[in-house]
Amino acid sequence: MDLKQLNYLCALAQERHFGRAAEICHITQPTLSMRLKQLETELGVLLIRRGKQFEGFTPEGERVLAQARVLLSHYHNLKLEVEAMKGSLTGTVRLGLVPLSCMDLSPILARLHQRYPNLAFEINDMTADDILQGLEDNSLDIGGGFFEAEELAKLISLALPEQGVAVAFGPSWQTRIPEVPTAADLAELPLCLPKAGMYFRRYLDTMFAQQGITLQPVLSSNSVYRLMRAVHSGLGCALIPTGSVLFTELSGVETRPLALPAMARIGALVMRNDAQASVLAKGFFEVAKECWQLAESDDKNDEAVL
């Protein structure tokens, strides 16, 4: 058994396809298949269910895969630790973000890259559950989104300011939306909302239902981009977490706070809270805290001026 075989196994789990797994490992498909069969022979168990194509892992394969991810994570972290000893961080910081959390991590990424020019970043749009799973199996370094308090207790987290909800709208809706609208004010307006089943949509459905209002959006989407385009075109108004720089950067689009109770979940950046947390994750959090402190200091200075 060697690390390459374990890497091939993890690549197959990621791609769910022999050809694509071989491609990202920069080897031929026959070579990948042969090395994985050698691993099965050495371990004496069948790891992969094969038909005309990849059909998944056996129960034994799932257990070996879990351990392979741990071993590769330790190996990866060891290399990063050595680079850190030399005063440098290299590699790719893998982030998973809930799209509708609308987090602007650009200042953190810019500060990190300025400090460590050899760093790169990969950002994936994911659900909160997928983010937690990604942290668990070491396919992510950092997560960002809305999380339950009990989940945050198991992780290192950096809570965001209480966000609340805002309504985003174009010029044609200005006269129909009060300065501080309520749920009742929006009941008859065409709304552009996240798809049913997404956490933020479930929260909105619950809050409006408590006031006897059933949301019937003119557009539902799991794409923030699609919601932004719909608002910009005048199709309707969107309900979004407060503080979204995405919608406010659209020409002619305004936002106003909506009077709703706070969400049960907490907006936060998260990373693992154990020895398997990557050096990259730790470096990211160090800079994130610096940026948070600078932002808080700027806010206090603005308040002092006012």
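Every chain begins its residue count from 1, and numbering advances along the sequence as written. Under the rules for a predicted model, residues below a pLDDT of 70 receive no local features and side-chain atom pairs below 80 are neither given nor counted, while totals for whole chains, interfaces and linings still include all residues. The side-chain figures draw on all heavy atoms in the structure; neither hydrogens nor water molecules are used.

Draft legend 1. Examining the layout of surface pockets more closely. Only protein atoms enter the 1 Å grid, on which a cavity is a set of points fitting a 1.4 Å probe that cannot get out and a pocket is an open set with protein on both sides within 12 Å along at least 5 of 7 lines, lining residues being those with an atom within 4 Å of a point. Grid points are joined across faces, edges and corners, and a volume is the space filled by probe spheres set on the points. For the largest pocket, the calculated volume is near 1,100 Å³. As for the largest pocket, its lining consists of 34 residues, and the residues nearest its centre are C10, Q14, R94, N138 and S139. Of all elements in the fold, only α1 (3–15), α4 (59–85), β3 (91–97), β4 (119–125) and α6 (128–136) reach the threshold of two or more residues within the lining of the largest pocket. A run of H or I in DSSP counts as a helix once it spans at least four residues, and a run of E counts as a strand once it spans at least two, with each numbered from the N terminus. Looking at the lining of the largest pocket, the element that brings in the most residues is α4, giving 7 residues. Its residues assigned to classes, the lining of the largest pocket comprises 12 nonpolar, 13 polar and 9 charged. Each residue is assigned to one class: nonpolar for Ala, Val, Leu, Ile, Met, Phe, Trp, Tyr, Cys and Pro, charged for Asp, Glu, Lys and Arg, and polar for all the others, Gly among them.

Draft legend 2. Seen up close, the packing of aromatic side chains. When two rings of Phe, Tyr or Trp (its six-membered ring) have centres within 6.5 Å they constitute a pair, described as stacked for plane angles under 30 degrees, edge-to-face for angles over 60, and tilted for the intermediate range. Counted under the stated rule, the structure contains 4 aromatic pairs. Within the aromatic cluster, the residues linked to one another by ring pairs are F18, F54 and F57.

Draft legend 3. Structural detail: the sheet that holds strand β10 (residues 237–241). Read across the sheet, 5 strands follow the order β9-β8-β10-β7-β11 without closing on themselves; strand pairing throughout is mixed. Sheet topology places β9 (219–221) and β11 (254–258) at the edges, where each strand pairs with a single neighbour. The average undirected angle you get between the axes of adjacent strands in this sheet is 30°. The pairing of strand β8 (residues 191–194) with β9 spans 3 bridges and is parallel. Considered in β9, the bridge of C192 is made with L219. Running over the sheet, helix α9 (residues 199–209) touches β7 (165–169), β8, β9, β10 and β11 and is turned about 110° from β10. On the sheet, helix α10 (residues 224–233) packs against β7, β8, β9 and β10 and is oriented at approximately 155° with respect to β9. Being paired, for any two strands, means DSSP has found at least two bridges between them. Axes, fitted as lines to C-alpha atoms, cover a helix only where it is in contact. Angles between the N-to-C directions of the axes lie from 0 to 180 degrees. When checking whether two residues touch, look at their non-hydrogen atoms; a contact exists if any pair is within 4.5 Å.

Draft legend 4. Main features of the packing of α1 against helix α3 (residues 29–43). Two numbers describe how α1 lies on α3: the axes approach to 9 Å, and their chain directions differ by 110°. In terms of orientation, α1 and α3 fall into the roughly perpendicular class. With respect to the hand of their crossing, α1 and α3 are arranged in left-handed fashion. Across the interface between the two elements, Q5, Y8, L9 and L12 from α1 touch L32, R35, L36, Q38 and L39 from α3. Should an angle fall under 35 degrees it is called roughly parallel, over 145 degrees roughly antiparallel, and 65 to 115 degrees roughly perpendicular, with every other angle called oblique. Left-handed describes a crossing in which the near helix is turned anticlockwise from the far one by less than a right angle; the clockwise case is right-handed.

Draft legend 5. The pairing of β7, seen in detail. Residue burial is assigned from relative accessible area. The probe radius is 1.4 Å, only protein chains are included, and a residue is buried under 20% of its type maximum, exposed over 50%, and partly exposed in between. When you tally the buried positions in β7, you get 5 out of 5 residues, the bulk of the element. Residues of β7 alternate between two faces, with V165, V167 and F169 on one and A166 and A168 on the opposite face, all of them buried. In this structure, β7 lies alongside β11, joined through 5 bridges in antiparallel fashion. Directly across from A166, in β11, lies its bridge partner P257.

Draft legend 6. Structural context of the sheet that holds strand β5 (residues 142–147). Judged by pairing direction, the sheet is mixed, and its 5 strands sit side by side in the order β4-β3-β5-β12-β6 without closing on themselves. With partners counted over all chains shown, the strands left at the sheet margins are β4 and β6 (156–159), one partner each. Each neighbouring strand pair of the sheet contributes to a mean axis angle of 25°, computed without reference to strand direction. Bridging between β5 and strand β12 (residues 266–271) involves 5 bridges; their strand directions are antiparallel. Among the inter-strand pairings, G145 is bridged to a residue of β12, identified as A268.

Draft legend 7. Region of interest: the side chain of N138. You can see N138 is positioned in the loop between α6 and β5. Residue N138 is classed as buried on the basis of its relative accessible area of 10%.

Draft legend 8. Focus on the pattern of salt bridges. The term salt bridge refers to a side-chain nitrogen of Lys or Arg lying within 4 Å of a carboxyl oxygen of Asp or Glu. All told, the structure shown has 12 salt bridges when counted by the stated rule. Notably, a salt bridge pairs R35 with D2, separated by 2.6 Å at the nearest N-O pair. With R35 in helix α3 and D2 in the segment before α1, this residue pair connects regions lying 33 residues apart in the sequence. Judged by relative accessible area, which is 16%, R35 ranks as buried. Across the pair R256 and E254 runs a salt bridge, and its minimum N-O distance is 3.9 Å. Residue R256 is classed as buried on the basis of its relative accessible area of 10%. Given the relative accessible area of 28%, E254 is considered partly exposed.

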